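These are the residues of each chain, in order.
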Amino acid sequence: MSDSSHKPPDQTPNPLLTEPEFVTPIDGAALTPHPPKGRRAAAAFIFFTVTLDMLALGMIAPVLPRLIESFLYGNTVDAAQMLGLFGTVFAFMQFFCSPILGSLSDRFGRRPIVLLSNFGLGFDYLLMAWAPALGWLFLGRVISGFTSSSIPTAMAYMADVTPRERRAAAFGMLSAAFGLGFVLGPAVGGLLGTVSPRLPFLVAGSLSLVNGLYGIFVLPESLSLENRSAFSWRRANPVGSLSLLRYGSMLPIAGLLLFGYIAQQSLLNVYVIYADYRYHWTDRTVGFSLAAIGICSAIYGALLVKPTVVKLGERGAVTLGLIGGAIGYSMFGLSRTGVLFWVGIPFLNMMSITWPAAQSILSHKTSPSEQGQLQGAINSLRGIAGLIGPGLFTYIFSKSIGADAVLRHPGAPFFAAAGMLLLALVLAQNSSTKGIAPSVS
């Protein structure tokens, strides 16, 4: 048995700062006989595409409620209901369209799907900036749910060009891109929104179009012709795409991702109202706390995923992240003054190690011709969480405060989120990191 303990710790470079290598299957045949040039620029482009997608979503978050309210003559109640409808439709479009785009990328390649999504998102945000009536704004939100579903294709691109042992680190860097966009987006959108609630849409659209134009010159195709698969609606529809995850070795990982994504909805839907109700935080304090979450997520994704996977393995990294996340959510729920809440943020963000490690495990179990379908299925899990989570956690919160409270404790939503991560932890311990799922094509 060979001893790998003397391997230099820095022998595996950062996947986004070096030339990514194309995966070589067990039989030794290269997946792409002639790897395209400029792969470093291509990997950086994928990183910035994900960052810009999240930045754009974050930029419009502070101003979308105000813009909706302006169309409803300042009626806050109607605006809140309409905002909920916007969120539900967006989540549904993500659930429905992600596997379609993923399967299309398995058929036609990653490059055209990523570029078309960049241009589509850019023109869509410009449409929303121009929208003369609420109906047009709603149409724009529907389209953005479709065009922003390109993230699974970006993930599949990185799986194409990154060897198995580096995939967790590559997905970690994309997780850092999520965190970076999460931090910068609301801050930039808030500043631009003081000028006009339509300005963030204009800037977001312009950035997406410029990025798409840049990608025409720097983004080569990552999926070789021999590894492409025929498109079929049976695989591309949401139910069909999820069938890829039904095999025994993949099902526990898919289940823990679903529980984790649902738990994450507690942050997206009750965080602000919880901090206001329990701690009476100002908008500024809430913004700083959200920025702290985003910064931790970016740091963990960029710097901690790789060494954690090297030290503990992918399943060990998943386990560590779930334990940290459960501790963090519990600290959120237990904090009476907000101090413990702040201390819980670094623990909560250990989940940033779980996502890329789990995705890497699933990518190992999937053939090269189905990486797009896999990433689409994973994003469909996010869509399912987006359909379940908002109603679930706001209902739990409503029943934990007030005169008719069932369980009088405002931290109940975060305790529920912690419980979901503990269920995910059980699934993680029953998962296997070996094997490739049979093709469902």
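As the structure is a prediction and not an experimental result, all values here were calculated from the model.

Student: Help me out: how do you make sense of the overall build of the protein chain in this one?
Tutor: Each helix and strand in the protein chain was counted, giving 16 helices and 0 strands. Counting only residues that meet the buried cut, the protein chain has 55% of its 441 residues in that class. In the form shown here, the protein chain has an accessible surface area of approximately 18,600 Å², with 69% of it arising from carbon and sulfur atoms.

Student: Where do I start with the nonpolar core in this structure?
Tutor: Burial of nonpolar side chains together is a common tendency in soluble globular proteins. Grouped together as the largest cluster of nonpolar side chains are 56 residues, with contacts concentrated most on Leu257 and Tyr329. When residues of this core are traced back to their parent elements, those giving at least two are α11 (251–279), α12 (283–334), α13 (339–348), α14 (351–364), α15 (371–398) and α16 (412–429). With 13 residues, the top contributor of residues to this core is α11. Those residues in contact with tyrosine 329 that sit more than four places away from it in its chain are Ala263, Gln264, Ser266, Leu267, Leu348, Phe414, Ala417, Ala418 and Leu421. Met158, Val161, Ala170 and Phe171 belong to the second-largest nonpolar core, a separate cluster that totals 23 residues.

Student: How do you make sense of the packing of aromatic side chains when you look at a structure like this?
Tutor: What characterises a pair of aromatic rings is the spacing of the ring centres plus the angle enclosed by the ring planes. Going through the model one piece at a time under the given rule, you end up with 21 aromatic pairs. Relative to phenylalanine 341, the ring of phenylalanine 332 has its centre 3.9 Å away and its plane inclined at 10 degrees; by these criteria the two rings are stacked. Of the two residues examined, phenylalanine 332 and phenylalanine 341, each falls in the buried class. These aromatic residues form a ring-pair network of at least three members: Tyr271, Tyr274, Tyr277, Tyr279, Trp281, Tyr329, Phe332, Phe341, Trp342, Phe397 and Phe414. The ring of phenylalanine 108 has arginine 107 lying over it, and the distance from NZ or CZ to the ring centre is 4.8 Å. Taking the ring centre of phenylalanine 90 as reference, the NZ or CZ of arginine 141 above it sits at 4.3 Å.

Student: Whenever I open this one, helix α6 (residues 151–161) confuses me. Can you help?
Tutor: Given 3.6 residues per helical turn, the α-helix brings residues three or four places apart onto the same face. Among the 11 residues of α6, 11 are classified as buried, and the element is accordingly described as predominantly covered. For α6, the complete set of buried residues consists of Ile151, Pro152, Thr153, Ala154, Met155, Ala156, Tyr157, Met158, Ala159, Asp160 and Val161.

Student: Sorry if this is basic, but what is going on with the side chain of serine 360 here?
Tutor: With respect to the helices, strands and loops of the structure, serine 360 is situated in helix α14. Owing to a relative accessible area of 0%, serine 360 belongs among the buried residues under this scheme. In this structure serine 360 touches Arg164, Arg167, Ala168, Phe171 and Glu314, once residues within four positions along its chain are discounted.

Student: Would you mind going over a nonpolar patch on the surface with me for this structure?
Tutor: On the surface, a nonpolar cluster with roughly 560 Å² of combined accessible area is contributed by Ile323, Ile327, Leu334, Val339, Leu340, Val343 and Phe347. Of all the secondary structure elements, the ones that give two or more residues to the nonpolar patch are α12 and α13. With 4 residues, α13 is the largest single contributor of residues to the nonpolar patch. Here leucine 334 shows up in helix α12.

Student: Which parts of the structure should I look at to understand the packing of α6 against helix α7 (residues 167–193)?
Tutor: Two measures define how a pair of helices packs: the angle their axes make with one another and the distance between the axes. Direction vectors running N to C along α6 and α7 enclose 150 degrees, while the axes themselves pass 9 Å from each other. Here α6 lies roughly antiparallel to α7, going by the angle between them. Handedness of the crossing formed by α6 with α7: right-handed. Here α6 contributes Ile151, Ala154, Met155, Met158 and Ala159 to the contact with α7, which in turn contributes Arg167, Ala170, Phe171, Leu174 and Phe178. The residue inventory of the contact of α6 with α7, partitioned by class, reads 9 nonpolar, no polar and 1 charged.

Student: What is the right way to look at the packing of α11 against α15 in this model?
Tutor: Between α11 and α15, the shortest axis-to-axis distance is 7 Å and the interhelical angle comes to 40 degrees. Taken as axis vectors, α11 and α15 run oblique relative to one another. Considering only the axes of α11 and α15, their crossing is right-handed. Residues belonging to the contact of α11 with α15 are distributed by class as follows: 19 nonpolar, 6 polar and 1 charged.

Student: How do you make sense of unusual backbone geometry when you look at a structure like this?
Tutor: For residues besides glycine, phi is generally negative; the peptide bonds are generally trans as well. With a phi close to 60 degrees, histidine 280 is a non-glycine residue in the positive phi region. For histidine 280, the location among the structural elements is in the loop between α11 and α12. The class of histidine 280 is exposed, set by a relative accessible area of 63%.

Student: Where do I start with the side chain of serine 224 in this structure?
Tutor: Checked against the element boundaries, serine 224 lands in the loop between α8 (199–218) and α9 (233–236). A polar side-chain atom of serine 224 sits 3.0 Å from a polar atom in the side chain of asparagine 227.

What counts, and where the lines are drawn
- Residues numbered from 1 in each chain as written.
- Predicted model: local features only at pLDDT ≥ 70, side-chain atom pairs only at ≥ 80, totals over all residues.
- Heavy atoms only, no water.
- Helix = DSSP H or I, 4+ residues; strand = E, 2+ residues; numbered from the N terminus.
- Buried < 20%, exposed > 50% of the residue type's maximum accessible area, 1.4 Å probe, protein only.
- Areas by Shrake-Rupley, 256 points an atom, 1.4 Å probe, with all protein chains shown as cover.
- Core = buried A, V, L, I, M, F, W, Y, C linked by side-chain atoms within 4.5 Å.
- Contact = heavy atoms within 4.5 Å.
- Phe/Tyr/Trp six-rings, centres within 6.5 Å; stacked < 30°, edge-to-face > 60°.
- Lys NZ or Arg CZ within 6 Å of the ring centre and 35° of its normal.
- Patch = residues over 30% accessible without salt bridge, like charges linked within 9 Å, V, L, I, M, F, W, Y side chains within 5 Å.
- Salt bridge = Lys/Arg side-chain N within 4 Å of Asp/Glu carboxyl O.
- Axes fitted to C-alpha atoms, helices over the stretch in contact; angles between N-to-C directions.
- Parallel < 35°, antiparallel > 145°, perpendicular 65-115°, else oblique.
- Left-handed = near helix turned anticlockwise from the far one by under 90°.
- Nonpolar A, V, L, I, M, F, W, Y, C, P; charged D, E, K, R; others polar.
- Polar contact = N/O pair within 3.5 Å; in protein donor to acceptor, adjacent residues only side chain to side chain.

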